[in-house]
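# Results of the structural survey
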Amino acid sequence: MSPNVLRWFSLVAILWLQSINGTNLSFPAYSSQLKEFLSISQLKLNYLSFASDAGKVLGFISGIAAVYLPLPLVLLAGGSLGFAGYGLQYLCIVKKMFTLSFYHIWGLSFLAGNSICWINTACYIVAINSFPVNRQVAVGITASYQGLSGKIYTDMVQTFFYSSQREAASGYLLLNSLVPLVGCLVTAPMLVREAKATSSSSWDINVGFIVLFVVTIATGIYAVATSLLTVPAVLVLVGIVLFLLAPLAIPVGVGVKEVISSRRSQQKVHDLEVPVEEDQNKEEEEQFDEKVIVGVKEEVEWTKLCKKLNFWIYFGLYLFGPTVGLAFMNNLGQIAESRGCAATTSLVALSSSFGFFGRLLPSLLDYFLSRNKYMPSSPVSMAVSLVAMVASFLVLLIDSDIALYTSTAIIGVFLGALTSLSVTMTAELFGTKHFGVNHNIVVGSIPIGSFGFGLFAAKVYRDRAALDGRFDGKCYGMYCFQTTFIFWGTLCSIAAVLAAVLYLRNRKFFSHKR
């Protein structure tokens, strides 16, 4: 198999992996049932939600492992950790095969959360190395598919486990343990650390990405439409599988084109001088590509990261921005319940589908507008996204299901955009050589914010329930999360200011890059 075909196959494999790797995105859909399963309070449920995010604290280990181990092994390690984390919870909570304390369950959730980092690390490294010049596009498209995870798991549960809410909760745990591991086993042989194509033209790459954009957008439209309309879950699931298989047309097409070109070159012996000229041009193009990859400010080793002021500004931005969005998603089940909205699974599918488009949006703009002088830089795009999230939290203060659905969709879009932009920003500010470790250190802010901001929400929720005189710990009414929404909106405002500061500190670099 030629390097050109191999790198496209690797990209398709990454799409599949990312579409099933967001196991934590389905937590809101079964959190209320898990709370009843374990007979725990809202505070303890927040601790469990935090545990999954806390696993990212040790995410840098996957980055270090990726330096020394083959990527398929890193991938399988991630799948195995998730299998153990969710699988043991399923056997304990659902099958009652043995008894574990709350702290053991917390540890298993931590393990499951860490597994996501291993799979993400392998995917990002392959995408960046396979398409160094188009790394924003490659990473953005593949990352967008992780936004589909909540939708995919919800549809699978509704197809196979939805006889009752209790069975649905057990279905999420079982699928979260099995599906990523099977996905890793299937795709591991397709991943290569670096597949440099020496005989590809920019035209081939452009056509490949345009086709991929069309398939990706069609997939997103399908996901959003089936989230808003009443369609049998089994039909929705079949459709998603077909859309996930569609990108295979790209490596197959590239392979067919190479075979045809090879046969033509063999028949036309008198044109041998032309390929030589083309090879020289391609070598020059590759040398140019090596320079374009210099779209990074500096290469920073992870051991020296903490000495950089840019890192701490960026760390704070991520802590007060994307992490707040994740805290909202983690509490989406309780937010919907407190407002009397029973369609929690629909909200999860909606946020997942719009998150898909949000993750794709930066890549789409970068690919088609990268040479436009009005194309905003990553920090500016982040600031705009954060301002939109602030507005969404204010809309949530309105007592209306429409406000809930609208805000959930908007937060899903811009949280997805921030997630995609953060991958690019890490590479731009701190380089690609140590990306695996550096980015996992940045996302280490997630557990800090998830715990702190989630704990704040849980305490406000508990206090409001106590004022109502409820002994079951449940709170109903707009005031259950009203203070929390204002607090979260304020944090996003701080993050928007930090994004502006980061741009001003590095405006020469971003202006030169554009």
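Keep in mind that what you see is a predicted model, and the values were worked out from it rather than measured. (Residues numbered from 1 in each chain as written. Predicted model: local features only at pLDDT ≥ 70, side-chain atom pairs only at ≥ 80, totals over all residues. Heavy atoms only, no water.)

Each helix and strand counted, the protein chain has 23 helices and 0 strands in total. Across the 514 residues of the protein chain, 57% fall into the buried class. Pairs at least 24 residues apart make up 85% of the contacts formed inside the protein chain by residues separated by at least 6 positions. Split by element, the accessible area of the protein chain, about 21400 Å² in all, is 66% carbon and sulfur. (Helix = DSSP H or I, 4+ residues; strand = E, 2+ residues; numbered from the N terminus. Buried < 20%, exposed > 50% of the residue type's maximum accessible area, 1.4 Å probe, protein only. Contact = heavy atoms within 4.5 Å. Areas by Shrake-Rupley, 256 points an atom, 1.4 Å probe, with all protein chains shown as cover.)

With that settled, the discussion passes to helix α5 (residues 71–94). One turn of an α-helix holds 3.6 residues; hence residues three or four places apart share an orientation. In this model, α5 (24 residues) spans 34 Å end to end at C-alpha, consistent with the 34 Å of a helix rising 1.5 Å per residue. Where α5 terminates, the next one or two residues include Lys96, which has phi positive at roughly 55°. (Expected span 1.5 Å × (residues − 1).)

Okay, the confidence of the model for the protein chain next. Of all residues in the protein chain, 89% have pLDDT values of 70 or greater, and the mean over the chain is 84. Per-element confidence in the protein chain is highest for helix α22 (residues 479–505), whose mean pLDDT is 94, and lowest for helix α13 (residues 273–292), whose mean pLDDT is 44. Every residue in residues 272–294 scores below 50 in pLDDT, and together they form 11 contacts with partners more than four places removed in sequence or on other chains. (pLDDT = per-residue confidence, 0-100.)

This brings us to the nonpolar core. With 138 residues, the main nonpolar core has Ile141, Phe209, Phe328, Phe393 and Trp488 as its most contacted residues. Ranked by residues supplied to this core, first place goes to helix α6 (residues 102–130) with 12 residues. Those residues within four positions of Trp488 in sequence are excluded, and the remaining contacts are Val324, Ala327, Phe328, Asn331, Ile335, Phe393, Phe453 and Ala457. (Core = buried A, V, L, I, M, F, W, Y, C linked by side-chain atoms within 4.5 Å.)

Looking now at a nonpolar patch on the surface. Taken together, the side chains of Leu228, Leu229, Val231, Val234, Leu235, Val238, Val241, Leu242 and Leu245 define a hydrophobic patch exposed on the protein surface, amounting to about 810 Å² of accessible area. Accessibility expressed as a relative area gives 34% for Val231, which makes it partly exposed. (Patch = residues over 30% accessible without salt bridge, like charges linked within 9 Å, V, L, I, M, F, W, Y side chains within 5 Å. Salt bridge = Lys/Arg side-chain N within 4 Å of Asp/Glu carboxyl O.)

As for its position among the elements, Thr154 is in helix α8 (residues 149–160). Beyond its immediate chain neighbours, meaning those up to four positions away, Thr154 contacts Tyr172, Thr345 and Val348.

Once that is clear, we can look at the packing of aromatic side chains. Across all of its chains, the model carries 29 aromatic pairs by this definition. Ring centres 6.5 Å apart and planes at 25° place the aromatic pair Phe393 and Phe485 in the stacked group. Pair noted here: Phe393 is in helix α18 (residues 378–395) and Phe485 is in helix α22, with a separation of 92 residues, a long-range link. With respect to burial, Phe393 and Phe485 carry one shared label: buried. Grouped by ring-pair contacts, the aromatic residues Phe328, Phe393, Tyr461, Phe481, Phe485 and Trp488 constitute a single cluster. (Phe/Tyr/Trp six-rings, centres within 6.5 Å; stacked < 30°, edge-to-face > 60°.)

For the rest of this paragraph, the subject is unusual backbone geometry. Even without glycine at this site, Ser39 takes up a positive phi of about 55°. Locating Ser39 in the fold gives a position in the loop between α2 (27–38) and α3 (42–54). The phi angle at Lys96 is positive, at roughly 55°, despite the residue not being glycine. Among the structural elements, Lys96 can be located in the loop between α5 and α6.

A side chain of one charge can pair with a side chain of the opposite charge when the charged atoms of the two come close. Scanning the model with the defined rule gives 5 salt bridges in all. Where Glu298 meets Lys308, a salt bridge forms, and the shortest distance between an N and an O atom there is 3.3 Å. With Glu298 in the loop between α13 and α14 (309–320) and Lys308 in the loop between α13 and α14, the pair connects residues that are 10 residues apart, well separated along the chain. Take Glu298: its relative accessible area is 28%, and that puts it in the partly exposed class. One network of salt bridges, in which partners are shared, links Glu36, Glu337 and Lys474.

So, about α8. Relative to the 16 Å expected for 12 residues at 1.5 Å per residue, α8 spans 16 Å between its end C-alpha atoms, a close match to the ideal helical length. Counting buried positions along α8 yields 9 of 12 residues, so the element is predominantly enclosed. Residues Ser149, Gly150, Lys151, Ile152, Tyr153, Thr154, Asp155, Met156 and Val157 constitute the buried set of α8.

Next up on the list: the environment of Val380. Locating Val380 in the fold gives a position in helix α18. Taking the C-alpha atoms as reference, Val380 lies 6.8 Å from Ala499; in sequence the two are 119 residues apart.

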